[in-house]
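Here are the chains, one letter per residue:
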Amino acid sequence: EIEAKYTKKMQVLRDELDLRRKTEIHEVEERKNSHISELMRNHEKAFSDIKNYYNDITLKNMALISLLKEQMEEMKKKGNQLEKEKVDVLLQNKQLKEPLQQAQEQVSDLQKKLAHYDKDKEALTNTKARLKVTQKELKDLRWEHEVLEQRFGKVQAERDELYQKFTKAINEVQQKTGFKNLLLERKLKGLLGVLEKKEVELSEVFAASNLDPGALSLVSRKLEDVLNSKNATIEDLQLQLARVCKAHNDMLQTFEAKLTAFGIPLDNLGFKPLASPVLGQ
């Protein structure tokens, strides 16, 4: 609908502009015809004036020709006089030839000096042009330096922000990992103590009771089952402890790699991260 609306408006505008153009063309043609008529009248008047003007010039030229003939006679007389003066001038030129030669030598020396001057002037112009180019390059380099400084400040701020986030994350992970490791170690120590205590009590029971070998064998098998179950629990706890220690150490290595990538020395942490020992090391 909008396209149809504006297409209709455009068509109306085109019709109005065509009508206006035709009207203006008609007015221009009328003005042009009027101007042509006026020019023809002016040209006819100008031709008449020029004709009269050249008739006057012709009459004046005839009078001028007569005057020039008289002047030509006078010029011939002057020419004869100038020939005589020419002879005198030639004699003077012979006398002035030697000073002229000296002056020409001086002009040659001055031309050589002028050639060196032009070369020096051209070199100075080239030096000024190179200086302008160098100044422009220096200006561009200063602008690039300023842009790089701004980018460096932005990157440095991002680096500091990442450093703070990593520091906070490492502290939180260390606290969680240390607390979990402590709980697991205490639980493991408690189970080992209970196991030792149970073994001592069992030995005392075996020593105090006079059981037959069959019953003793049955009790031993049950005891081994209990011990195997406890050993499986201990191994499971040790594996959990090893996984937590490895995750902690992997997180430390990732953090150190990030610090190295951002150009932050590890000494800037203000503390040394504690690596958790892996089980068996």
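Residues numbered from 1 in each chain as written. Predicted model: local features only at pLDDT ≥ 70, side-chain atom pairs only at ≥ 80, totals over all residues. Heavy atoms only, no water.

## Concerning the overall build of the protein chain
For clarity, the cut-off: Secondary structure follows DSSP: runs of H or I at least 4 residues long count as helices, runs of E at least 2 residues long count as strands, and numbering of each begins at the N terminus. For every residue, the accessible area (1.4 Å probe, protein chains only) is compared with the maximum for its type, and the residue is labelled buried under 20%, exposed over 50%, or partly exposed between those bounds. The contact rule is simple, with two residues in contact once any of their heavy atoms fall within 4.5 Å. Only the protein chains shown count as cover for residues, and the accessible areas themselves come from Shrake-Rupley with a 1.4 Å probe.
Assigned secondary structure in the protein chain consists of 2 helices and 0 strands. A burial count over the protein chain gives 9% of its 281 residues as buried. Of the contacts made within the protein chain by residues no fewer than 6 positions apart, 82% connect residues no fewer than 24 positions apart. With an accessible surface of roughly 24700 Å², the protein chain has 58% of that area assigned to carbon and sulfur atoms.

## So, a nonpolar patch on the surface
We count it as follows: Nonpolar side chains (Val, Leu, Ile, Met, Phe, Trp, Tyr) within 5 Å and like charges within 9 Å form the patches, drawn only from residues with over 30% relative accessible area and no salt bridge. A pair is scored as a salt bridge if a Lys or Arg side-chain nitrogen falls within 4 Å of a carboxyl oxygen belonging to Asp or Glu.
A cluster of nonpolar side chains, contributed by Ile 50, Tyr 53 and Tyr 54, occupies part of the molecular surface with about 350 Å² of accessible area. With respect to the element layout, Tyr 53 can be found in helix 1 (residues 2-208).

## Considering the packing of aromatic side chains
Rules: A pair of Phe, Tyr and Trp rings is counted when the ring centres sit within 6.5 Å of each other, with Trp represented by its six-membered ring. The angle between the planes then sorts it: under 30 degrees is stacked, over 60 is edge-to-face, the rest tilted. When the NZ atom of lysine or the CZ atom of arginine is within 6 Å of a ring's centre and also within 35 degrees of its normal, the charge is said to sit over that ring.
Applying the stated rule across the entire model yields 1 aromatic pair. Geometry around Tyr 6 places Lys 9 over its ring, the cationic atom sitting 5.0 Å from the centre.

## Details of the environment of Val 226
Summarising the element assignment, Val 226 is placed in helix 2 (residues 213-261). Under the relative-accessibility criterion, Val 226 is labelled partly exposed at 46%. Distance from Val 226 to Leu 195, taken between C-alpha atoms, is 10.0 Å for residues 31 residues apart in sequence.

## What about a negative patch on the surface?
Applicable threshold: Charge assignment in this entry is limited to Lys and Arg as positive and Asp and Glu as negative, and neither His nor the chain termini are counted. Just so you know, the charge point we use is NZ for Lys, CZ for Arg, CG for Asp and CD for Glu.
Taken together, the side chains of Glu 24, Glu 27, Glu 29 and Glu 30 present a region of like negative charge at the surface. With respect to the secondary-structure elements, Glu 29 resides in helix 1. When its relative accessible area of 41% is taken as the criterion, Glu 29 is described as partly exposed.

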